[in-house]
Amino acid sequence: LRRNRVGLKGPFGTPSGQGHVKLHQELRLRLKLFANVRLAKSVEGCPTAYDGVNLAIIRENTEGEYSGLEHEIVSGVVTNLKVITRAA
């Protein structure tokens, strides 16, 4: 990824339970992939509820609720630590 600056990623499966690093989160942090960019644009000739849509949605995906710092207090009850830093 670093040498070619391109990659193809499929879904990762992270085992449930404590002590497992979320692989997608680790990849984002190591490669400093802070933004998740989603483009949405109307396609001519394809009827939709709204015409002329042309959006770029950018979501920060390594901090806040996406920091990956979770802890199961008791079965079925999970807390999530929200992290915000100057770097991201």
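First things first, this report covers the structure right here in the doc.

About the thresholds
Residues numbered from 1 in each chain as written. Predicted model: local features only at pLDDT ≥ 70, side-chain atom pairs only at ≥ 80, totals over all residues. Heavy atoms only, no water. Helix = DSSP H or I, 4+ residues; strand = E, 2+ residues; numbered from the N terminus. Buried < 20%, exposed > 50% of the residue type's maximum accessible area, 1.4 Å probe, protein only. Contact = heavy atoms within 4.5 Å. Salt bridge = Lys/Arg side-chain N within 4 Å of Asp/Glu carboxyl O. Pairing = 2+ DSSP bridges.

**Digging into the overall build of the protein**
For step 1, the next point in the chain: Of regular secondary structure, the protein possesses one helix and four strands.
For step 2, the next point in the chain: For the protein, the succession of helices and strands along the chain, N to C, is α-β-β-β-β.
For step 3, the next point in the chain: Every one of the 88 residues in the protein was classed for burial, and the buried ones make up 8%.
For step 4, the next point in the chain: In the protein, once contacts between residues fewer than 6 apart in sequence are set aside, the share between residues at least 24 apart is 33%.

**Examining the pattern of salt bridges**
For step 1, the next point in the chain: Under the counting rule described, the total for this entry stands at one salt bridge.
For step 2, the next point in the chain: Residue Arg30 is joined to Glu26 by a salt bridge in which the shortest nitrogen-to-oxygen separation is 2.6 Å. One end of the pair is Arg30 and the other is Glu26, both in helix α1 (residues 23–30) and four residues apart, which spans about a single turn.
For step 3, the next point in the chain: Judged by relative accessible area, which is 28%, Glu26 ranks as partly exposed.

**Focus on the pairing of strand β4 (residues 77–80)**
For step 1, the next point in the chain: Strand direction decides the pairing type here: strand β3 (residues 70–74) and β4, joined by four bridges, are antiparallel. Within β4, the position partnered with His71 by the bridge is Thr79.
For step 2, the next point in the chain: In sequence, β3 turns back onto β4 through a hairpin of two residues, with Gly76 there showing a positive phi of about 90°.

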